[in-house]
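Architecture at a glance
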Amino acid sequence: MSVTENNVAESLREGAVIPAASRAERFTSYDVAAFEVPGGREENWRFTPMKRLRGLHDGSAVASGEITLETEAAPELKIETVGRDDARLGEAGVPSDRIAAQAYSSFAKATIVTVPKETEASKPSVLRVHGPGKGKVAYGHLQVRAEAFANAVIVLDHVGSGTYADNVEFVIGDSAKITVVSVQDWADDAVHVSEQHLRLGRDATLKHTVVTLGGDLVRVSPTATFADRGGDVEMLGLYFADAGQHQEHRLFVDHAVPNCKSNVMYKGALQGDGAHTVWIGDVLIRAAAEATDTYELNRNLVLTPGARADSVPNLEIETGEIEGAGHASATGRFDDEQLFYLQSRGIGEEAARRLVVRGFFHEILARIGVPEVRERLEAAIEAELEAVGA
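Below you will find a few notes about this structure. (Residues numbered from 1 in each chain as written. Predicted model: local features only at pLDDT ≥ 70, side-chain atom pairs only at ≥ 80, totals over all residues. Heavy atoms only, no water.)

**Considerations on the pattern of salt bridges**
The full count for this structure, using the stated rule, is 20 salt bridges. The residue Glu72 makes a salt bridge to Arg128 at a minimum N-O spacing of 3.1 Å. Taken together, the positions of Glu72 in strand β1 (residues 68-72) and Arg128 in strand β4 (residues 125-130) put the pair 56 residues apart, joining distant regions of the chain. Exposure remark for Glu72: the relative accessible area of 36% places this residue in the partly exposed category. For Asp185, the salt bridge is made with Arg376, and the minimal N-O distance between the two is 3.1 Å. Remark: Arg376 occurs in helix α5 (residues 371-388) and Asp185 occurs in the loop between β8 (177-184) and β9 (191-200); sequence separation between them is 191 residues. For Arg376, a relative accessible area of 30% gives the class partly exposed. Within the structure, one salt-bridge network assembled from shared partners comprises Glu70, Glu72, Arg128, Asp157, Asp185 and Arg376. (Salt bridge = Lys/Arg side-chain N within 4 Å of Asp/Glu carboxyl O. Helix = DSSP H or I, 4+ residues; strand = E, 2+ residues; numbered from the N terminus. Buried < 20%, exposed > 50% of the residue type's maximum accessible area, 1.4 Å probe, protein only.)

Structure representation (structure tokens):
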């Protein structure tokens, strides 16, 4: 047995986490039984508090309620309620963990939202998901389809109580241009585990923004893939965790075709005892994906003692013929020099701290192209800062 094999064997005996050799080997399946019940030591689950998942991961969470979907859509969009046998479902991606597979096998009906070919929506469309209610469990499935040369803004707004797991698909057709904002503004008791599948056609453009504010435990896993050349995806994220909240964002960008771009930027703030955020950013550039241009960045601002942020960027490159690739991650407290600069100009400490936090999030907020959503988020951040007295 080699030295490496000895080290692996010893690690397995000690119960250590052994990561997969490559993200290219990630297992996917619609079959729940194809996945082992996770125990929390697996690489995909090692940051997640398993006991707080309420049985979503082991099959004990039986559906006992339903979500309510409220739509405020542009008149150009088509909204359908379909059965599990609709051939379009699953087109954007296959579940990559046991909860996603459980959600796929458990939903009774799905919603498909279509932006017709060569159509520009006249206004942003809001799809508001209300949880099943306190103490209840629900599973769901939503697909957004943008046909060739379509242009639209979609806001997916999650509110209410309960335990909810779902798969969300975004099928972006050739040369379509879509902006998506997914807001997780749950009540304090809510648990939400969501796998989001983003599939871009030739020369398609997608701006995908995830905003997480509420909930007891929220875990969102977006995966971006490219069906053809020329795809361009921008993945943005903003999150703010309070005492006791667990917010987890796991991203995977799979570059498997040439001449595509991806840019990832997530920023989060934490305050209060037990506040915990997790950001995992995986980018894979396969051997065939020449001329890829990609970058990912994560920044975390810890506002009070007792909060913890985990940030793990991963970049795997199988070809040297790329335009550019890089990643960066940083976690820290308030910048004392910034505070000193502001205070030296007559700004009080409390107001100075607020300005620093607002400036930290400004880069993300400025890129959200929906004024109503941006204003709502600015107000939510202000309320968070008032709660901690920053």
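**Looking at the pairing of β9**
Buried residues dominate β9, accounting for nine of its ten residues. One ladder, built from ten bridges, connects strand β7 (residues 163-172) with β9; its direction is parallel. Bridging from a neighbouring strand, Tyr164 pairs with His192 of β9. The pairing of β9 with strand β11 (residues 217-226) spans ten bridges and is classified as parallel. Within the sheet, the bridge partner assigned to Leu198 lies in β11 and is Ala224. (Pairing = 2+ DSSP bridges.)

**Digging into the packing of helix α3 (residues 336-343) against helix α4 (residues 349-365)**
Contact geometry of α3 with α4 gives a least axis separation of 9 Å together with a crossing angle of 125°. In this view, α3 runs oblique relative to α4, as classed from their interaxial angle. As α3 packs across α4, the resulting crossing turns out to be right-handed. For the pair α3 and α4, the contacting residues are Gln338, Leu339, Leu342 and Gln343 in the first and Glu349, Ala352, Arg353, Leu355 and Val356 in the second. Grouping the constituent residues of the contact of α3 with α4 by class yields five nonpolar, two polar and two charged. (Axes fitted to C-alpha atoms, helices over the stretch in contact; angles between N-to-C directions. Parallel < 35°, antiparallel > 145°, perpendicular 65-115°, else oblique. Left-handed = near helix turned anticlockwise from the far one by under 90°. Contact = heavy atoms within 4.5 Å. Nonpolar A, V, L, I, M, F, W, Y, C, P; charged D, E, K, R; others polar.)

**Quick word on the packing of aromatic side chains**
Tallied over the entire structure, the rule returns seven aromatic pairs. On the numbers, 4.6 Å between centres and 40° between planes, the contact of Tyr30 with Tyr104 is tilted. Residue Tyr30 is found in the loop between α1 (3-13) and β1, and its partner Tyr104 is found in helix α2 (residues 98-106); the two are separated by 74 residues along the sequence. Among the residues examined, Tyr30 registers a relative accessible area of 34% and is labelled partly exposed. Residue Tyr104 is classed as buried on the basis of its relative accessible area, which comes to 13%. Seen from their ring centres, Tyr266 and Trp279 are 6.4 Å apart, and the 45° between their planes marks the pair as tilted. Here Tyr266, found in strand β14 (residues 261-270), pairs with Trp279, found in strand β15 (residues 276-285); they are 13 residues apart in sequence, far enough to count as distant. Through a chain of ring-to-ring contacts, three or more aromatic side chains come together here, namely Tyr30, Tyr104 and Phe107. In this structure, Arg84 packs its charged tip against the face of Phe107, placed 4.4 Å from the ring centre. (Phe/Tyr/Trp six-rings, centres within 6.5 Å; stacked < 30°, edge-to-face > 60°. Lys NZ or Arg CZ within 6 Å of the ring centre and 35° of its normal.)

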